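# Overview (structure and organization)
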Amino acid sequence: MKRTLMLLELARFVITVGIALLIGYIFLLFSTDEPMEAFKLFLTGPMTTQRRFFEFLNNSVPLMMTGLALSIVFQAKVFNIGAEGQLFFGAFGAMIFALKFPQIPWLHLIFTLFGATLFGSFWAFVPAILRTKWKASELVSSLMMNYISYFLVLFLVNNYFRDKAAGALVSYRFPQTAWLSTLTKYRLNSGLFIAIALSILVGLLFYRTKLGYQIRVVGANKKFGFYSGMKTMSVIFWIQILSGAIAGLAGGIELTAMYRRFVWQSLPGYGFDGIIVAILARNNPFLVIPSALFIAYLRIGANIMGRTTGIAPEIVIVLQSLMILLITAEALLEKFKEKAVAKEAMKGD
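Remember, it's a predicted structure, so these values are computed and weren't measured experimentally.

This brings us to helix H12 (residues 285-309). Its 25 residues place the ends of H12 36 Å apart at the C-alpha level, agreeing with the 36 Å of an ideal helix rising 1.5 Å per residue. One side-chain oxygen of the residue at the start of H12 lies 2.9 Å from the amide nitrogen of Phe-286, identifying that residue as Asn-284. Among the residues trailing H12, Gly-310 stands out with phi positive, at a value near 85 degrees.

Enumeration according to the criterion identifies three salt bridges in this entry. In this structure, the salt-bridge partner of Arg-131 is Glu-138, at a minimum N-O distance of 2.9 Å. Classification of Arg-131 by relative accessible area gives buried; the value is 16%. Glu-138 gets classed as buried once you look at its relative accessible area, which sits at 8%. Arg-299 is the partner of Asp-273 in a salt bridge, and the nearest nitrogen-oxygen pair spans 2.6 Å. Separated by 26 residues along the polypeptide, Asp-273 in helix H11 (residues 270-280) and Arg-299 in helix H12 bring together distant segments of the chain. Taken as a pair, Asp-273 and Arg-299 share a single burial class, namely buried.

On to the layout of surface pockets. Its boundaries defined by the atoms lining it, the second largest pocket holds a volume of some 260 Å³. Looking at the second largest pocket, it is lined by 13 residues, and the ones nearest its centre are Asn-58, Asn-59, Glu-254, Tyr-259 and Tyr-270. Contributions of two or more residues to the lining of the second largest pocket are made by helix H3 (50-75), helix H10 (232-259), H11 and H12. The element best represented in the lining of the second largest pocket is H3, accounting for four residues. Its residues assigned to classes, the lining of the second largest pocket comprises six nonpolar, three polar and four charged.

Reading guide: rules and limits
- Residues numbered from 1 in each chain as written.
- Predicted model: local features only at pLDDT ≥ 70, side-chain atom pairs only at ≥ 80, totals over all residues.
- Heavy atoms only, no water.
- Helix = DSSP H or I, 4+ residues; strand = E, 2+ residues; numbered from the N terminus.
- Expected span 1.5 Å × (residues − 1).
- Polar contact = N/O pair within 3.5 Å; in protein donor to acceptor, adjacent residues only side chain to side chain.
- Salt bridge = Lys/Arg side-chain N within 4 Å of Asp/Glu carboxyl O.
- Buried < 20%, exposed > 50% of the residue type's maximum accessible area, 1.4 Å probe, protein only.
- 1 Å grid on protein atoms, 1.4 Å probe; cavity = no way out; pocket = protein on both sides within 12 Å on 5 of 7 lines; lining within 4 Å.
- Points joined across faces, edges and corners; volume = space filled by probe spheres on them.
- Nonpolar A, V, L, I, M, F, W, Y, C, P; charged D, E, K, R; others polar.

Printed below as a string of structure tokens:
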């Protein structure tokens, strides 16, 4: 039975992607004289050279981390969408630890990433405590916290950490002891391995531990969890803190590996993209890995197509929106699902 349902979910995903790509191709028919060439670049571009391939992998790292952070809270039906602000504030925390902590090899990097985690979880604390103590909507409070994080961090960086010799609103460069290494001549972000390992660990937490069971029960039926003796509000509070810590770590990894200073002058958008990744993965931490890789592949493919043919890469936003609409359409293949359940029930009789 479980296998049949999984196959139906897989079929629904494949059909969804197929429909979205077909609609994307129709758009290309009206956008260029050579739609087939543009479509080929879109589908195969990230695999054509090593540079493009590593660009695709690097793009997947923050998507994987924020998708993982959001899948944790979404699994418990907590709609905290503050990953964007938590990532931004976490990056700010990494900057402070990188610039102020003694330059001790290894320890400096560990404490820099710890600072990102600490600041990210702190930023998640506000909507979490508002939700658990006063039942304030985490959707509204976490969304507002994104913008507070943005303006507060820019103010602090501009007034206290700005490198005036750089000619732009960026912080001082991090000492080398706070750099997360990059691999190969194309600078593969080694944070990719951290993101994959963390996704597997959180997946094991979800499906192999008591806490994971409680999170899933709270998400499925909070009242059932409460009357079963679970501390549901405590679960809701701590998963938001954990989610914020992972989102903050994503910001720290991105800065220490790719930029080596605070460079963002606007919200990078990874936190919002993480919502798409989590939805595609059905809030399953294990599936966050292929989901993030898939979205990153589409984005890099669209960018390559745009650079080569002049077509606006924003077409990938249209494709993503279509996929989300179709994947969240529960009625798609619902009849097949009902038949499979009924058939299994008949076997039981």
